[in-house]
Amino acid sequence: MSEFPSVVELNVGGSPYATRLETLRSEEGSWLSEVFGGSPDDAARDSQGRFFIDRDGELFRYVLEYLREPAKFKMPVDFPQRVRLRKEAEFFRLGGLVEQTTKDPGTISIGYRGSFQFGRDGLADVKFRKITRLLVHGRVATCREVFGDTLNESRDPDHGGPDRYTARFFLKHVFIEQAFDMLQENGFRCVGSCGSGTAGSVNENLKPGVDSEENRWNHYNEFIFVRD
């Protein structure tokens, strides 16, 4: 009985590919592991002797990317062929890829109120940006998916299902770039932002411990992210 070579040449819908046999067999129970776990004598070939798969050749590259590193695979940002890729994933019986392609689209807003830390020389001695809290607005399930354990839900305990929306979540840290990275890793892109002005009039009735110069530079910014 003949065996498959360790490096397999493929023709998928007219597009040529080459990959390791162990990659094609990596997901137990999949169509590929079934076909390439059997005999090569039973597999279809093209005129050049490559194994032929009558599926979408353009999208098969994402199937291979997923099989090579399933845990690290992320859907491309703003991917326009999500529905077509889901059909391919369903045909090949790749459960993890099906899950990736069925993630809900959604919108998440990130807002923060901040100022700047000044030294003794005022504007000539700005030390760092001060953010008191990163606010998160959106669908509960989507916020949990993106931010995981970094999401603080203490101001909005779960009184309903994950499909409800809230404007009362915030993050357990104040690193806005970290929040942006997590959104980008989950397929979101920034589509808009707005902010209030700074250098307003000084409020003479400040709370104890509030620096008047820092208070002058208070501002609020909000960023809107969407996943198509």
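The structure we're discussing is the one just above.
Please read these numbers as outputs of a predicted model, since none were measured by experiment. (Residues numbered from 1 in each chain as written. Predicted model: local features only at pLDDT ≥ 70, side-chain atom pairs only at ≥ 80, totals over all residues. Heavy atoms only, no water.)

Peer 1: Mind laying out unusual backbone geometry, listing which residues take part and the relevant values?
Peer 2: Positive phi, close to 60°, is recorded for Arg93, a residue that is not glycine. Looking at the element boundaries, Arg93 is found in the loop between helix H4 (82-92) and helix H5 (95-101). (Helix = DSSP H or I, 4+ residues; strand = E, 2+ residues; numbered from the N terminus.)

Peer 1: How would you sum up the pattern of salt bridges? Please name residues and give values.
Peer 2: By the definition in use, this model includes ten salt bridges. With a shortest N-O distance of 3.3 Å, Arg164 and Asp156 are connected by a salt bridge. (Salt bridge = Lys/Arg side-chain N within 4 Å of Asp/Glu carboxyl O.)

Peer 1: Account for the sheet that holds strand S2 (residues 15-20), naming residues and giving values.
Peer 2: Each strand in a sheet pairs with another by means of backbone hydrogen bonds, the pair being arranged parallel or else antiparallel. Read from one edge to the other, the open sheet built from three strands follows the order S2-S1-S3, with strand pairing classed as mixed. What marks the edges here is a single partner per strand, and that holds for S2 and strand S3 (51-53). Here the strands of the sheet are splayed against their neighbours by 35° on average, with no regard to which way each runs. Judged from the six bridges that link them, strand S1 (residues 7-12) and S2 form a sheet pairing that is antiparallel. Within S2, the position partnered with Val8 by the bridge is Thr19. (Pairing = 2+ DSSP bridges. Axes fitted to C-alpha atoms, helices over the stretch in contact; angles between N-to-C directions.)

Peer 1: Break down the nonpolar core for me, with residues and values.
Peer 2: Grouped together as the largest cluster of nonpolar side chains are 29 residues, with contacts concentrated most on Leu10, Leu32, Phe36, Ile53 and Phe60. Secondary-structure elements contributing two or more residues to this core are S1, helix H1 (21-24), helix H2 (31-35), S3, helix H3 (60-68), H4 and H5. The leading source of residues in this core is H3, at six residues. Once you skip the residues sitting within four places of it in the chain, Ile53 turns out to touch Leu10, Asn11, Val12, Gly13, Trp31, Leu32, Phe36, Phe60 and Phe92. Listed in part, the 20 residues of the second largest apolar core include Val140, Phe169, Leu183 and Phe188. (Core = buried A, V, L, I, M, F, W, Y, C linked by side-chain atoms within 4.5 Å. Buried < 20%, exposed > 50% of the residue type's maximum accessible area, 1.4 Å probe, protein only. Contact = heavy atoms within 4.5 Å.)

That's the geometry; what it means functionally is another story.
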